[in-house]
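# Overview (structure and organization)
For reference, the chains in residue letters:
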Amino acid sequence: MSQKRHDLPVPPEAQSADAHELIRAWDVNGHQHVSISTNLGGLPKEFGQLLAQIALHASVVYERNAKKPKADCLREILMGFKEEVSKNVGH
């Protein structure tokens, strides 16, 4: 039996010939899988700013779903980010 996919809608602003998809991410049984464009453009710092925007948007979702302050959710997101980067970069 196949499971229904949970695809997200493409934002109206991204439905343009000028739009360039940068990343896609999925959760499969508790494991994350990511596709990333080989044509990111910009600077690494700007990609960091994109990651910050994702974290800020996610903190709003967690605030609503977990019924806890957005700042606490963002702090937990940043803690998880730091832990994951530390595992892969070293100290």
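As a reminder, the structure under discussion sits directly above these lines.
Residues numbered from 1 in each chain as written. Predicted model: local features only at pLDDT ≥ 70, side-chain atom pairs only at ≥ 80, totals over all residues. Heavy atoms only, no water.

Let's shift gears to unusual backbone geometry. Unlike most non-glycine residues, Asn29 shows phi in positive territory, near 55 degrees. With respect to the element layout, Asn29 can be found in the loop between strand 1 (23–28) and strand 2 (31–36). According to the relative accessible area criterion, Asn29 is exposed, its value standing at 73%. (Helix = DSSP H or I, 4+ residues; strand = E, 2+ residues; numbered from the N terminus. Buried < 20%, exposed > 50% of the residue type's maximum accessible area, 1.4 Å probe, protein only.)

Of all six residues in strand 2, zero are buried; the element is thus mostly exposed. In this structure, strand 1 lies alongside strand 2, joined through six bridges in antiparallel fashion. The residue bridging Ala25 from the neighbouring strand is Val34, located in strand 2. Two successive antiparallel strands, strand 1 and strand 2, enclose a turn made up of two residues, where Asn29 displays a positive phi of approximately 55 degrees. (Pairing = 2+ DSSP bridges.)

Okay, the pattern of salt bridges next. One pass over the full model with this rule turns up four salt bridges. Residue Arg24 is joined to Glu21 by a salt bridge in which the shortest nitrogen-to-oxygen separation is 2.6 Å. What makes Glu21 partly exposed here is its relative accessible area of 49%. (Salt bridge = Lys/Arg side-chain N within 4 Å of Asp/Glu carboxyl O.)

A separate point is helix 1 (residues 44–66). Taking 1.5 Å of rise per residue, the 23 residues of helix 1 would be expected to cover 33 Å, and the 32 Å separating its terminal C-alpha atoms lies within 8% of that figure. Following helix 1 by one or two positions, Lys67 has its phi on the positive side, about 55 degrees. (Expected span 1.5 Å × (residues − 1).)

As for its position among the elements, Ala25 is in strand 1. Distance from Ala25 to Ser35, taken between C-alpha atoms, is 6.5 Å for residues ten residues apart in sequence. In this view, Ala25 contacts His33 and Val34; residues no more than four positions away in its chain are not counted. (Contact = heavy atoms within 4.5 Å.)

It is worth spelling out the environment of Phe47 at this point. Within the secondary structure, Phe47 sits in helix 1. In sequence terms Phe47 and Leu22 are 25 residues apart; their C-alpha atoms lie 9.5 Å from each other.

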